[in-house]
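Residue-level listing of the chains:
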Amino acid sequence: MTTGTPLSTLVSQALVAFTIELDNEFERRFQDAGGGARVTSLTMWSNLLRVVGDGITVGEFVAATGLPKAQALSRLGGVERWRYVSVGPGSGGKREGYGSARATKADWLVRFTPAGERAASIWPELPRVIEDRWRQRFGSASVDQLSVALRDVDDGLALGLPEYLPVVSSTHAMALELPSLERESGDLTLVALLAHALMAYTREFEEASALSLPLNANVFRVLRPDGTPVRDLPALTGISKEAVAVSLTVLGKSEYVVVEGAPASKRTIRLTPAGEKLHAEHARVHASIEETWEARFGGALGTSLARVLEHPELAAGLRPHPGGWRASPPYLKHTEALIADPVGTLPHHPMVLHRGGWPDGS
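Residues numbered from 1 in each chain as written. Predicted model: local features only at pLDDT ≥ 70, side-chain atom pairs only at ≥ 80, totals over all residues. Heavy atoms only, no water.

Here we come to the packing of aromatic side chains. Tallied over the full model, the rule gives 12 aromatic pairs. Taken together, a centroid distance of 5.4 Å and an interplanar angle of 15° make the contact between Trp45 and Trp123 stacked. On the criterion of sequence distance, the pair formed by Trp45 in helix 2 (residues 42-47) and Trp123 in the loop between helix 5 (114-122) and helix 6 (126-138) is long-range, its members being 78 residues apart. We note that Trp45, like Trp123, is buried. Their ring planes at 40° and their centres at 5.9 Å tell us that Tyr84 and Trp123 sit as a pair that is tilted. Here Tyr84, found in the loop between helix 4 (69-81) and strand 2 (85-88), pairs with Trp123, found in the loop between helix 5 and helix 6; they are 39 residues apart in sequence, far enough to count as distant. A residue is classified by how much of its surface remains accessible, and Trp123, at 1% relative accessible area, is buried. By the ring-pair criterion, three or more aromatic residues cluster together here, those being Phe26, Phe30, Trp45, Tyr84 and Trp123. Of note, Arg137 hangs over the ring of Phe138, and the distance from its end group to the ring centre comes to 5.6 Å. (Phe/Tyr/Trp six-rings, centres within 6.5 Å; stacked < 30°, edge-to-face > 60°. Helix = DSSP H or I, 4+ residues; strand = E, 2+ residues; numbered from the N terminus. Buried < 20%, exposed > 50% of the residue type's maximum accessible area, 1.4 Å probe, protein only. Lys NZ or Arg CZ within 6 Å of the ring centre and 35° of its normal.)

Shown next as structure tokens:
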């Protein structure tokens, strides 16, 4: 592990590694059970679909997610389009505005489709399944130490947080938008504890930074004053081409970078003097947060995360099953790089986009 790696990077890489392993296992089980819907990531279950239960009104769905109404309805249209739920006044054909927020009424019912029911029977147990695999792979003592350190952080938070990081968008400059939720009690899974710790850190970072943490930790982190080819950014950051494109949309409007060149295949992006200054400022922000966290929560979290990320079996959990989308072009090349060098390839912060909630923006 590189000395000086921000704590947020350690939490992020553990969280993304766990999520990829869980998403791969969901895809395998879902396909074996009959599938029937577009495969999506843990975040869509954790923050959206799990509230559907035996059926819920659209109005209740909006309230349960804690999202602003427009966002909740947009997400609902997405999972309807992907065939996880039906939305309407009753059973029947496609409603007006199918797959979108259009024409939705608060008293309409949201129900799982047969494919959604299959998915809902698989997702809830998977966090514990992957946690058990981590215990076998990394040792129960290491995972227990990580869990204790994360619970110490979670117990010290006075925030109502979702189970997973929410979707980020260019509309809000890729910054964290927390839903309005009551703080939940109970035994949180390891992946929820990782997500809570990262959301808390991200919130503190973004209160002190001109750029969001997903932007800073991924694309902005690898930029130089003498320029970087845009085509190299997915490999340098560990996030998808689509996530890079969204990041450039936001960064290109700032004073911190300049994007130059044509055609698109020859574009470069370089730091301005203001960007170089911000790079240095970000190092101080990380140092300040980590000093505060060590005083509040102790120093065990970074040590326990490093123990997992340095383990020689980290890559074993990142291998997709042969029929999985991560094992197929055009994603296979990135998957092979991830397995060959997990810590060098994993994103330094999840980039959760509306496309499916994948933690690397795919």
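Another aspect to go through is the sheet that holds strand 3 (residues 109-112). The antiparallel open sheet is built from three strands, whose spatial order is 1-3-2. Each end of this open sheet is capped by a strand with a single partner; those strands are strand 1 (56-57) and strand 2. Pairing analysis gives four bridges linking strand 2 to strand 3, with the strands arranged antiparallel. Bridge pairing in strand 3 places Val85 opposite Phe112. With respect to the sheet, helix 4 is in contact with strand 2 and strand 3, its orientation differing from that of strand 2 by roughly 120°. (Pairing = 2+ DSSP bridges. Contact = heavy atoms within 4.5 Å. Axes fitted to C-alpha atoms, helices over the stretch in contact; angles between N-to-C directions.)

An order of 4-6-5 is seen for the three strands of this open sheet, with the pairing classed as antiparallel. Here the strands that pair on one side only, and so sit at the sheet edges, are strand 4 (228-229) and strand 5 (257-260). Direction of pairing for strand 4 relative to strand 6 (residues 268-271): antiparallel, over a ladder of two bridges. Paired with Thr228 across the bridge in strand 6 is Ile269.

Further remarks concern the environment of Ser86. Tracing the sequence through the fold places Ser86 in strand 2. Along the chain, Ser86 and Gln13 lie 73 residues apart, while their C-alpha atoms are 35 Å from each other. Apart from the residues within four sequence positions on either side, Ser86 is in contact with Leu109, Val110, Arg111 and Thr113.

Let us look at empty space enclosed by the protein. Applying the stated criterion across every chain, the model contains one cavity of 30 Å³ or more. Taken as a whole, the largest cavity holds about 110 Å³ of empty space. Its residues placed into classes, the lining of the largest cavity shows four nonpolar, one polar and five charged. (1 Å grid on protein atoms, 1.4 Å probe; cavity = no way out; pocket = protein on both sides within 12 Å on 5 of 7 lines; lining within 4 Å. Points joined across faces, edges and corners; volume = space filled by probe spheres on them. Nonpolar A, V, L, I, M, F, W, Y, C, P; charged D, E, K, R; others polar.)

Our focus in this paragraph is the pattern of salt bridges. The tally for this structure, following the rule as stated, stands at 22 salt bridges. Between Arg28 and Asp32 there is a salt bridge, with the nearest N and O atoms lying 3.3 Å from each other. You can see Arg28 and its partner Asp32 sitting in helix 1 (residues 7-33), four residues apart, about one turn around the helix. A salt bridge links Asp187 to Arg128, with the shortest nitrogen-to-oxygen separation between them at 3.5 Å. (Salt bridge = Lys/Arg side-chain N within 4 Å of Asp/Glu carboxyl O.)

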